[in-house]
Amino acid sequence: MLAFSNAMRQLDGAAAHLGLDLGEVAKLKEPDRIYEFDIPVAMDDGSQKSFKGYRVQFNNARGPYKGGIRFHPQVDLDEVKALAFWMAIKTAVVNIPMGGGKGGVSVNPKELSQSELERLARGWVQNMAQHIGPHQDVPAPDVNTNPKIMDWMADEYGKISGDKTAAAFTGKSLEYGGSEGRGTATGQGGFYVLEELAASLGMQSAGRRVVIQGFGNVGYHFAQLVQRAGYVIAGVSDSKGGVYDANGLDLEAVMKAKQEKGSVIDYAAGTKVTNQEMLEQECDILVPAALENQITAENAGAVRAKIVLELANGPTTPEADGILWSKKIYVAPDVLTNAGGVTVSYFEWGQNLAREHWSEREVLAKLELVMKNAFNAVWDTHKKHGVELRTAAFMVAVRRIVDAME
Ligand code: GLU
């Protein structure tokens with residue numbers, strides 16, 4: 001299943017409702033620029049390995065290209081293009097003055113030492129330094145990349161370009177100009193969306209069961225937040241499998257098992273299920289927080305949740321969207337739900353350029369406002385046009401992008 005063709009089908013659906021002409025739609029489907037390059041890395045054992053690197057600059061009608069860099073064996077041009085396009089939609093949904101881009105390296109970073117990883121990160125920047133920058137293209141973390149990697153990249157960019165603002169990369173550590181609240185921002189933003197959606201649907205939060213596929217930075221922080229708010233975390237999984245307990249899991253014990261033994265399946269209690277079976281467990285809120293194409297025509301009929309809250313990018317295929325909607329399951333779409341990360345990235349970029357450092361309270365208050373405004377715009381469009389939330393979000397975003405392009 002190709003992510004980019006799924007993304008284009010999502011766009012077609014929204015464009016039809018907006019009455020866009022074919023020329024306008026064609027312009028939205030074409031990335032501005034694609035960079036593909038080899039990154040040679042000196043390995044610790046003295047050998048050399050080459051990794052394929054990418055950056056797709058999709059659309060900058062609303063501001064500099066913005067979006068993460070993913071390190072994953074599954075990374076290829078199709079995936080990076082889809083992710084870059086979704087970034088353009090995402091920044092428009094939350095109405096921040098940024099465009100959309102994405103990068104990646106086809107690599108399994110778990111097989112690299114820290115120094116090999118550093119050389120790979122710096123190598124990516126050496127290839128892209130002429131084409132990125134605070135007012136041109138601003139990368140950030142994504143799957144398997146983190147503040148430390150952003151620090152290396154920002155440092156390398158500074159050395160090559162002479163730029164002293166640190167604003168060419170976001171998601172940096174606090175020490176190197178990162179923002180308060182950036183590490184937890186995606187989960188936090190998703191939580192605001194969940195609370196708004198639950199209220200709009202007249203759903204109480206206390207005691208609601210949540211199942212999360214993916215226990216990385218995003219999934220884990222989100223789990224902590226919703227548990228504190230009174231939801232029950234009934235299941236979590238990672239690529240090796242998952243654990244489910246309708247009465248709730250001990251989150252810290254699950255995290256400890258993952259850190260010590262490599263996977264949540266080593267948690268002592270609960271029922272063991274596969275990563276795929278996790279999506280079919282009984283719950284109120286199902287949260288895909290891993291990779292694309294997880295909920296498909298094959299398993300959408302088996303989803304037993306009232307809300308699917310997409311913290312991953314592209315976890316639900318267009319066919320699955322149709323099945324879920326026919327079952328009256330609300331999908332809170334990725335381009336809205338996981339936009340808290342890029343929103344605080346935008347705050348970080350602004351703080352770097354203004355030489356400011358905001359308190360966590362300030363960051364969270366601003367994030368909450370951005371997420372609630374975005375939710376309301378999407379919800380109003382859903383109500384007014386009778387479309388599901390993804391189409392509504394795309395309608396809001398595409399209108400803004402087309403206006404900017406004109
Ligand atoms: N990788 C994150 C995303 O998919 C964040 C991007 C950013 O902060 O620029 O939204």
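Residues numbered from 1 in each chain as written. Predicted model: local features only at pLDDT ≥ 70, side-chain atom pairs only at ≥ 80, totals over all residues. Heavy atoms only, no water.

## Details of the packing of helix α1 (residues 3-18) against helix α3 (residues 77-93)
Which entries qualify depends on this criterion: Simply put, an axis is a line fit to the C-alpha atoms, just over the touching stretch for a helix, and the angle between two N-to-C directions goes from 0 to 180 degrees. By definition, any uninterrupted DSSP run of H or I lasting at least four residues is a helix, any uninterrupted run of E lasting at least two residues is a strand, and each is numbered from the N terminus. Any angle that is under 35 degrees is reported as roughly parallel, and any over 145 degrees as roughly antiparallel; angles of 65 to 115 degrees are reported as roughly perpendicular and all others as oblique. Should any heavy atoms of two residues lie within 4.5 Å, those residues are considered in contact. Each residue receives one of three labels: charged for Asp, Glu, Lys and Arg, nonpolar for Ala, Val, Leu, Ile, Met, Phe, Trp, Tyr, Cys and Pro, and polar for the others, Gly being one of them.
Their axes nearest at 7 Å, the elements α1 and α3 cross at an angle of 30°. By the angle class used here, α1 and α3 are roughly parallel. Residues Ala3, Phe4, Ala7, Met8, Gln10 and Leu11 of α1 form the contact with α3, whose own contacting residues are Asp78, Lys81, Ala82, Phe85 and Trp86. When grouped by side-chain class, the residues that make up the contact of α1 with α3 number 8 nonpolar, 1 polar and 2 charged.

## As for the site of the ligand
Applicable threshold: For this description, a residue counts as near a given molecule or strand if any of its non-hydrogen atoms is within 4 Å of it. For this analysis, a polar contact is any N or O atom pair within 3.5 Å, provided that within protein one partner can donate a hydrogen and the other can accept it, and provided that sequence-adjacent residues contribute only side-chain to side-chain pairs. Areas reported here follow the Shrake-Rupley algorithm with a probe of radius 1.4 Å; residue values treat only the protein chains shown as occluding.
Around the ligand, the structure places 14 residues, and the nearest of them are Lys66, Lys90, Pro141, Asp142 and Ser345. One of the side-chain nitrogen or oxygen atoms of lysine 90 is found 2.7 Å away from an oxygen atom of the ligand. Between the ligand and proline 141 there is a distance of 2.8 Å, counted from a nitrogen atom to a backbone nitrogen or oxygen. Burial of the ligand by the protein amounts to 95% of the accessible area it has alone, namely 290 Å². Those elements that place two or more of their residues in the shell around the ligand are β3 (65-71), α3, β5 (137-141) and α11 (340-354). Taken together, the residues that form the shell around the ligand break down as 4 nonpolar, 5 polar and 5 charged.

## A word on the sheet that holds β3
Under the convention used in this document: A pair of strands is considered paired only if DSSP assigns at least 2 bridges between the two.
Pairing is mixed across the open sheet formed by 5 strands, whose spatial order is β1-β2-β4-β3-β5. The outermost strands of the open sheet, each flanked by one partner alone, are β1 (33-42) and β5. Going across the sheet, the axis of each strand differs from the next one's by a mean of 20°, ignoring polarity.

## Examining the side chain of arginine 182
Heads up, the condition is: Under the scheme applied here, a residue whose accessible area is under 20% of the maximum for its type counts as buried, over 50% as exposed, and between as partly exposed, the area being computed with a 1.4 Å probe on protein chains only. In summary, the charge assignment counts Lys and Arg as positive and Asp and Glu as negative, without counting His or the chain termini. Here, a salt bridge means any side-chain nitrogen of Lys or Arg that lies within 4 Å of a carboxyl oxygen of Asp or Glu.
The topology assignment puts arginine 182 in the loop between α5 (147-161) and α6 (185-200). Buried charge without a salt bridge: arginine 182, with glutamate 348 as the nearest opposite-charge side chain at an N-O distance of 4.9 Å. Looking at arginine 182, its side chain comes within polar contact range of the side chain of serine 345, at 2.9 Å. With residues near it in sequence (within four places) discarded, arginine 182 still touches Pro141, Gly171, Gly341, Val344, Ser345 and Glu348.

## Quick word on the packing of aromatic side chains
Put simply, the rule is: Under the pairing criterion, centres of Phe, Tyr and Trp rings, with the six-membered ring standing for Trp, must be within 6.5 Å; the plane angle then separates stacked pairs below 30 degrees from edge-to-face pairs above 60, leaving the rest tilted. Geometrically, a lysine NZ or arginine CZ counts as sitting over a ring once it is within 6 Å of the ring centre and also within 35 degrees of the ring normal.
In the structure shown here, the tally under the stated rule is 12 aromatic pairs. Arranged with centres 6.2 Å apart and planes meeting at 45°, the rings of phenylalanine 85 and phenylalanine 394 form a pair that is tilted. A residue pair is termed long-range when its members are at least 10 positions apart, and phenylalanine 85 in helix α3 and phenylalanine 394 in helix α13 (residues 389-405) qualify at 309 residues. Among the residues examined, phenylalanine 85 registers a relative accessible area of 3% and is labelled buried. Exposure remark for phenylalanine 394: the relative accessible area of 0% places this residue in the buried category. Aromatic side chains phenylalanine 215 and tyrosine 220 sit 5.4 Å apart centroid to centroid with 80° between the ring planes, which places their arrangement in the edge-to-face category. Summarising the burial analysis for this pair, phenylalanine 215 and tyrosine 220 share the class buried. Through successive ring pairs, a cluster of aromatic residues spans Phe4, Phe58, Phe85 and Phe394. Here lysine 81 stacks its cationic end above the ring of phenylalanine 4, 4.4 Å away from the centre of that ring.

## Topic: the sheet that holds strand β10 (residues 285-288)
With mixed pairing, 7 strands are arranged side by side in an open sheet as β9-β8-β7-β6-β10-β11-β12. Bordering the open sheet on either side are β9 (271-273) and β12 (330-332), each of which pairs with just one other strand. Averaged over all adjacent pairs, the angle separating strand axes in this sheet is 20°, with direction ignored. As judged from the 3 bridges shared by strand β8 (residues 241-244) and β9, these two strands associate in the antiparallel manner. Each residue of the ladder has a partner; that of tyrosine 244, found in β9, is threonine 271. Against the sheet, helix α7 (residues 217-228) makes contact with β6 (209-213), β7 (232-238), β10 and β11 (307-309), and its axis sits at roughly 170° relative to β6, the strand it touches most.

## Details of the environment of glutamate 195
Within the secondary structure, glutamate 195 sits in helix α6. Separated by 34 residues in sequence, glutamate 195 and alanine 229 have C-alpha atoms that sit 9.8 Å apart. Setting aside chain neighbours within four positions, we find glutamate 195 in contact with Ser205 and Tyr231.

## A closer look at the pattern of salt bridges
Tallied over the entire structure, the rule returns 26 salt bridges. Here glutamate 118 makes a salt bridge to arginine 122, at a shortest N to O gap of 3.0 Å. In this pair, glutamate 118 and arginine 122 both sit in helix α4 (residues 114-128), 4 residues apart, roughly one turn of the helix. Its relative accessible area of 14% is what places arginine 122 among the buried residues. For the salt bridge of lysine 372 with glutamate 196, the shortest nitrogen-to-oxygen distance reads 3.7 Å.

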